[in-house]
Amino acid sequence: MLRGKCVVLGVTGSIAAYKIANLASALVKLHADVNVIMTKNATNFINPITFETLTGNKCLVDTFDRNFQFNVEHVALAKRADIFLVAPASANVIGKIAGGIADDMLTTTIMACKAPKLISPAMNTNMFENPIVQDNLKKLSSFGYEVIQPASGYLACGDTGAGKMPEPDTLLAYILRTIACEKDMVLGQMVALDNKKIGRLLCHYRKAAQCHSHKRVNRFHQIWILFVQGYCMVANV
């Protein structure tokens, strides 16, 4: 479904980093060429070998790694990318990108990338609601980045509130929608998938989970998967 598409995943230092392994696996199953770039802090939460095993591509961390496949690696990968998703996106990396700081492989690559760019913040509620972080997110939005609003719930730090990275299925839906809209949209051939439709479906999913009904949760999960698969078929991605 995504054959010939190059998806770049930027992973930063957050406890949610391990979830991106599921996203990478799902994209590979859709025949996407998945390339993962990690910050050094991210390697404290998940080993780069995990992504290399799942994607079949070298996981990039060090800007000055001499064992590379491209001439000028961050520029070459940026040119190949059909979409660049940073998830989880820490406050630190969000601030760097918003301020034009490019001091590692992730930030230099995204600065050189002209493909659609998505940012999925993941952090403590107080950090997410900090006016500086919010200002940086608004700045990224003004530069054409799409900011995926975090979910609310129980966080790894023990707090409850906004700042939770959306589940891999949700991130996958954003990727499919964006690639289709940018690369494959033919009038009359696709059904528009907007944020409200994603939100409504996930709302039902969360209500089922809150009811602690495994049958309902499984049912809505099946509906979600069919929804994404059906979208892929209609959009021909």
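Up top you'll find the structure we're talking about.
Residues numbered from 1 in each chain as written. Predicted model: local features only at pLDDT ≥ 70, side-chain atom pairs only at ≥ 80, totals over all residues. Heavy atoms only, no water.

1. Regarding the nonpolar core
Filter applied, for reference: Remark: nonpolar core denotes a set of buried residues (Ala, Val, Leu, Ile, Met, Phe, Trp, Tyr, Cys) joined through side-chain atoms within 4.5 Å. Note on classification: 1.4 Å probe, protein chains only; a residue is buried when its accessible area is under 20% of the maximum for its type, exposed when over 50%, partly exposed between these limits. Strands are runs of DSSP state E lasting at least 2 residues, helices are runs of H or I lasting at least 4, and numbering of each runs from the N terminus. Note on contacts: a residue pair qualifies if any of its non-hydrogen atoms lie within 4.5 Å across the two residues.
In this structure, Leu9, Leu27 and Phe51 are the most contacted members of the largest nonpolar core, which totals 34 residues. Put simply, the parts of the chain that give this core at least two residues each are β1 (6-11), α1 (20-29), β2 (33-38), β3 (83-89) and α8 (168-184). Of the residues forming this core, the biggest block, six residues, is contributed by α8. In contact with Leu9, other than residues within four places in its own chain, are Ile20, Leu23, Ala24, Leu27, Val34, Asn35, Val36, Ile37, Leu85 and Ile175. Leu60, Val86, Ile97 and Val147 belong to the second largest nonpolar core, which has 29 residues in total.

2. Side note on the environment of Val7
Position of Val7 among the secondary structure elements: in strand β1. Residues Val7 and Val28 lie 21 residues apart in sequence; the distance between their C-alpha atoms is 9.7 Å. Setting aside anything within four residues of it in sequence, one finds Val7 in contact with Leu27, Ala32, Asp33, Val34, Asn35, Ile83, Ile175 and Ile179.

3. As for the packing of helix α4 (residues 91-98) against helix α7 (residues 131-142)
Filter applied, for reference: Every axis corresponds to a line fitted to the C-alpha atoms, with the helix fit spanning only the stretch in contact, and the corresponding angles, defined between N-to-C directions, vary from 0 to 180 degrees. Any angle from 65 to 115 degrees is called roughly perpendicular, while one under 35 is roughly parallel, one over 145 is roughly antiparallel, and all others are oblique. Should the near helix be turned anticlockwise from the far one by less than a right angle, the crossing is termed left-handed; should it be turned clockwise, right-handed.
Look at α4 against α7: their axes get within 9 Å of each other, and the N-to-C directions meet at 50°. On the basis of the axis angle, α4 is oblique to α7. In this structure, α4 meets α7 at a crossing whose hand is left-handed. When α4 is examined against α7, the residues Ala91, Ile94, Gly95, Ile97 and Ala98 are found in contact with a partner set consisting of Val133, Asn136, Leu137, Lys139 and Leu140.

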